[in-house]
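Reading the structure
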Amino acid sequence: MKFRMKVFVSILLLLTSTLQFESASAATGDIDSSMYFNGTSTTFQVADTNSLDITSAITMEAWVKPVGISNSVNYMVMNKETSYELWIVNGYWNFALNGTSSGWQGVNTGVAALVDQWQHIAVVRAANQNAVAIYFNGTFTDTATADTAGTGNLYNSNQPFQIGSRSGTAGS
């Protein structure tokens, strides 16, 4: 899937000075600094740092404009492998939060991703809660379980934080 995404680089720069930015470029015709990820060779990566090791409360959010969605393909929006991630699969928004003593499974939010339209998705978990609030385009849509994190802490991996990729593979 090709998609455009608003990337809040200033926030990421506060987290670490070690950024790896591979091949993504400003989207043609976008004057508000969105980035274009082609689904195969573009990614944005921040090396692991303590500020990315989120243990309890977390909000994952993104502005995304998917350009075509195929079933059975994972379109990774953001990922810190074995800790937390947000993606589209089978046309729906999904997230995963990994607990400290168990693996993650992923949760389908039931919110359909809109093709060729800017959309805002937010997944919010309060500290030590087994419930996650899901917001789509500014509207609360539902609650879901906090995946395998339950009411405990999130697992802190030594993996980089990535946009547009998972484990170094763009788009997957």
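Check the entry above for the structure.
Attention here is on the structure that accompanies the text. Everything numeric in this text was worked out from a predicted model, so none of it was measured. (Residues numbered from 1 in each chain as written. Predicted model: local features only at pLDDT ≥ 70, side-chain atom pairs only at ≥ 80, totals over all residues. Heavy atoms only, no water.)

**Quick word on the overall build of the protein**
On a plain count of helices and strands, the protein comes out with one helix and 16 strands. Counting all 172 residues of the protein, 47% fall into the buried class. Here the contacts in the protein between residues at least 6 apart in sequence split such that 61% fall between residues at least 24 apart. Within the structure as shown, the protein displays about 7,900 Å² of accessible surface, and the carbon and sulfur contribution to it stands at 50%. (Helix = DSSP H or I, 4+ residues; strand = E, 2+ residues; numbered from the N terminus. Buried < 20%, exposed > 50% of the residue type's maximum accessible area, 1.4 Å probe, protein only. Contact = heavy atoms within 4.5 Å. Areas by Shrake-Rupley, 256 points an atom, 1.4 Å probe, with all protein chains shown as cover.)

**What to know about the side chain of D53**
By the element assignment, D53 lies in the loop between β5 (43-46) and β6 (58-67). Separated by 3.1 Å, the side chains of D53 and K80 make a polar contact. In contact with D53, other than residues within four places in its own chain, are D48, K80, N156 and S157. (Polar contact = N/O pair within 3.5 Å; in protein donor to acceptor, adjacent residues only side chain to side chain.)

**Regarding the nonpolar core**
In terms of nonpolar packing, the biggest core is built from 32 residues, with M60, Y84, L86, W93, F95, L97 and F161 touching the most fellow members. Among the elements that line this core, the one with the most residues is β6, at four residues. Those residues in contact with F95, other than ones at most four positions away along the chain, are M60, E85, L86, W87, G106, V107, T109, V123, V132, A144 and T145. (Core = buried A, V, L, I, M, F, W, Y, C linked by side-chain atoms within 4.5 Å.)

**Notes on the pattern of salt bridges**
For the structure on display, the rule yields four salt bridges. Between D48 and K80 there is a salt bridge, with the nearest N and O atoms lying 2.9 Å from each other. One end of the pair, D48, is in the loop between β5 and β6; the other, K80, is in strand β7 (residues 75-80), and 32 residues separate them in sequence. The salt bridge partner of D53 is K80, with a shortest N-O separation of 3.1 Å. On the criterion of sequence distance, the pair formed by D53 in the loop between β5 and β6 and K80 in strand β7 is long-range, its members being 27 residues apart. Look at K80 and you get buried, because its relative accessible area is 0%. (Salt bridge = Lys/Arg side-chain N within 4 Å of Asp/Glu carboxyl O.)

**Overview of the packing of aromatic side chains**
Tallied over the entire structure, the rule returns two aromatic pairs. For the pair Y84 and F161, a centre-to-centre distance of 6.4 Å together with 40° between the ring planes defines the contact as tilted. Taken together, the residues Y84 in strand β8 (residues 84-89) and F161 in strand β14 (residues 161-163) connect sequence positions 77 residues apart. Aromatic side chains Y135 and F140 sit 5.7 Å apart centroid to centroid with 65° between the ring planes, which places their arrangement in the edge-to-face category. The class for Y135 is partly exposed, based on a relative accessible area of 31%. On the basis of relative accessible area, F140 is assigned to the partly exposed category, the value being 44%. (Phe/Tyr/Trp six-rings, centres within 6.5 Å; stacked < 30°, edge-to-face > 60°.)

**With respect to the environment of V73**
Assignment of secondary structure puts V73 in the loop between β6 and β7. Separated by 15 residues in the primary sequence, V73 and I88 place their C-alpha atoms 8.1 Å from one another. The contact partners of V73, leaving out residues within four places of it in the chain, are I88, V89 and N90.

**Some remarks on the pairing of strand β10 (residues 107-112)**
Side-chain positions along a regular strand alternate between the two faces of the sheet. Along β10, the buried face is formed by V107, T109 and V111; none of N108, G110 and A112, which line the opposite face, is buried. As paired strands, strand β9 (residues 92-97) and β10 are joined by three bridges and run antiparallel to one another. Looking at the pairing, N94 lines up with N108 of β10. (Pairing = 2+ DSSP bridges.)

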